[in-house]
Amino acid sequence: MDIRTPIPPQSTRFLDRLRNFIRLRGLAYKTEQTYVFWIKRFIRFHGRRHPETMGTAEVEAFLSHLVLQANVSVGTQRVALNSLIFLYREFLGTPIEDLQYEKSRKPKKLPVVFSPEEAASAIGNLEGEYKLIAMLIYGAGLRINEVLRLRVKDVDFGMQQLIVRDGKGGKDRITLLPDRLVGPLQQQINAALHLHKADLARGFGSVYMPAGLAQKYPSASQEPDWQYVFPAPDLSVDPRSGVKRRHHMLDRTVQKHFRIAIRAAGIRKPAGSHTFRHSFATRLLEAGYDLRTIQKLLGHSDVRTTEIYTHVVRKGGFGVRSPVDEAF
């Protein structure tokens, strides 16, 4: 679920205070979840000692443990480091400096990419909303939860673009709406709004709203523009608020259908929803689009993240033609 757990504002529990601090900073919920995960893991590693009783030495020991015992990648160790720097510098106000720890040398894995034929075959084994979701990931470079969190107002048919709200890193961005998906998306939105109308008639029809907007616009949760494009098939009780309403489809349900479709296509790669996104970037590179354009469409904060796709474009080995292909 991507709904924040309500926290009593005057709670004295350490993690409650940390979460409230993160929310006051306006950081994305995914960032909150990541920071809390690594901070809890750091605390458990040191026998549940309070972070205020620890410092540089304990942080160094934990980061080295992640490499020497847990065998994590460079990226994973960096995420853990960023979480602990936030904890000490921002939350506790006691910066940790001159860290000396074992740095990960585990190389970052190349992304798994579908060939155009594989992508078409996998998508061809999907139906209904699942097929449309896969086509949006492959056709617009969205992450799976960015698709599932789309609201009606985020689909701009006039400008033929999709607006991604609060993406990774808490940023908004704009990406393309493929020509062939205009009709299917209009049909999907009509179906979602028909379902919303039926919910209203039954006394429901309220959708989750970010906390600030829920307070500022209390009636907006029942307006058509705020409804999810891909609503869940059933109403459910939000365990955090106790309100019965319709959330968006669950990503694990969609992932399950994707795995079945990929297997049915005879694809033996370790592929999933993100493989469609990787394939989107690779196809654009093959078509000659520049890295900066692809970076913006994907929502990468650093072009170096986008550069990894240059290693997996079709005709691997930097596009070099092999001598064996010339000779035989």
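Residues numbered from 1 in each chain as written. Predicted model: local features only at pLDDT ≥ 70, side-chain atom pairs only at ≥ 80, totals over all residues. Heavy atoms only, no water.

## Quick notes on the overall build of the protein chain
Stage number 1. Along its length, the protein chain carries 14 helices and five strands.
Stage number 2. When each of the 328 residues of the protein chain is scored for burial, the buried share is 44%.
Stage number 3. Sequence separation of 24 or more characterises 62% of the internal contacts of the protein chain that already satisfy a separation of 6 or more.
Stage number 4. For the protein chain, the exposed area adds up to about 18200 Å²; of that, 53% sits on carbon and sulfur atoms.
Stage number 5. Averaging the positions of the 50 positive and the 32 negative side-chain charges in the protein chain gives two centres separated by 4 Å. (Helix = DSSP H or I, 4+ residues; strand = E, 2+ residues; numbered from the N terminus. Buried < 20%, exposed > 50% of the residue type's maximum accessible area, 1.4 Å probe, protein only. Contact = heavy atoms within 4.5 Å. Areas by Shrake-Rupley, 256 points an atom, 1.4 Å probe, with all protein chains shown as cover. Lys, Arg positive; Asp, Glu negative; His and termini not counted. Charge placed at Lys NZ, Arg CZ, Asp CG, Glu CD.)

## As for helix α12 (residues 291-298)
Stage number 1. When α12 is considered as a whole, its buried residues turn out to be I294, Q295, L297 and L298. Buried positions in α12, seen along its axis, are confined to an arc of 165° and lie on one side of it. Facing away from the buried side of α12, by more than 90 degrees, are the exposed residues R292 and K296.
Stage number 2. Turning to α12, the residues buried within the fold contact α6 (128-140), β3 (173-176), α11 (273-286) and α13 (303-307).
Stage number 3. Once α12 finishes, G299 follows within two positions and takes phi at roughly 80°, a positive value. (Arc of directions from axis to C-beta.)

## Here we look at the packing of aromatic side chains
Stage number 1. One pass over the structure, following the stated rule, counts 12 aromatic pairs.
Stage number 2. With a centroid separation of 5.9 Å and 55° between ring planes, the pair formed by F21 and F86 is classed as tilted. Linking F21 in helix α1 (residues 14-24) with F86 in helix α4 (residues 74-91), this pair joins segments that are 65 residues apart in sequence.
Stage number 3. Ring geometry for F42 against F62: centres 5.6 Å apart, planes inclined by 70°, an arrangement best described as edge-to-face. Pair noted here: F42 is in helix α2 (residues 29-45) and F62 is in helix α3 (residues 56-68), with a separation of 20 residues, a long-range link. Both residues of the pair, F42 and F62, count as buried.
Stage number 4. An aromatic cluster is defined as three or more aromatic residues linked by ring pairs; in this entry it consists of F37, W38, F42, F45, F62 and Y88.
Stage number 5. The ring of Y101 carries the charged tip of K103 above its face, separated from the ring centre by 4.4 Å.
Stage number 6. Note that K153 overlies the ring of W226, its terminal NZ or CZ placed 4.4 Å from the centroid. (Phe/Tyr/Trp six-rings, centres within 6.5 Å; stacked < 30°, edge-to-face > 60°. Lys NZ or Arg CZ within 6 Å of the ring centre and 35° of its normal.)

## Describing the domain arrangement of the protein chain
Stage number 1. By domain assignment, the protein chain separates into domain 1 (14-91) and domain 2 (108-318).
Stage number 2. One C-alpha centre belongs to domain 1, the other to domain 2; they are set 29 Å apart. (Domains from an automatic or database assignment.)

## Details of unusual backbone geometry
Stage number 1. Notably, R48 is not glycine yet its phi reads approximately 65°, a positive angle.
Stage number 2. Considering the arrangement of structural elements, one finds R48 in the loop between α2 and α3.
Stage number 3. The exposed category is assigned to R48, whose relative accessible area is 64%.

## So, the packing of α3 against α4
In helix packing, the relevant descriptors are the interaxial angle and the interaxial distance, both defined with respect to the helix axes.
Stage number 1. The geometry of α3 relative to α4 is characterised by a closest axis approach of 10 Å and an angle of 165° between their N-to-C directions. Considering their axes alone, α3 and α4 lie roughly antiparallel with respect to each other. Taken as a pair, α3 and α4 cross one another with a handedness that is right-handed. Residues V59, F62, L63, L66 and V67 of α3 form the contact with α4, whose participating residues are Q77, A80, L81, L84 and Y88.
Stage number 2. Here the contact of α3 with α4 is built from residues that sort into nine nonpolar, one polar and no charged. (Axes fitted to C-alpha atoms, helices over the stretch in contact; angles between N-to-C directions. Parallel < 35°, antiparallel > 145°, perpendicular 65-115°, else oblique. Left-handed = near helix turned anticlockwise from the far one by under 90°. Nonpolar A, V, L, I, M, F, W, Y, C, P; charged D, E, K, R; others polar.)

## Side note on the sheet that holds strand β1 (residues 155-156)
Stage number 1. With respect to topology, three strands assemble into an open sheet ordered β1-β2-β3, the strand pairing being antiparallel. Edge positions in the sheet fall to β1 and β3, since each has one partner strand and no second.
Stage number 2. In the sheet, β1 pairs with strand β2 (residues 161-164) via two bridges, with the strands oriented antiparallel. Across the sheet, residue D156 finds its bridge partner in β2, namely Q161. (Pairing = 2+ DSSP bridges.)

## A few points about the pattern of salt bridges
Stage number 1. Counting across every chain of the model gives 16 salt bridges.
Stage number 2. Between R246 and D199 there is a salt bridge; the shortest N-O distance is 2.7 Å. Linking R246 in the loop between β5 (244-245) and α10 (251-264) with D199 in helix α8 (residues 182-201), this pair joins segments that are 47 residues apart in sequence. Across the pair, D199 and R246 agree in class, each one buried. (Salt bridge = Lys/Arg side-chain N within 4 Å of Asp/Glu carboxyl O.)

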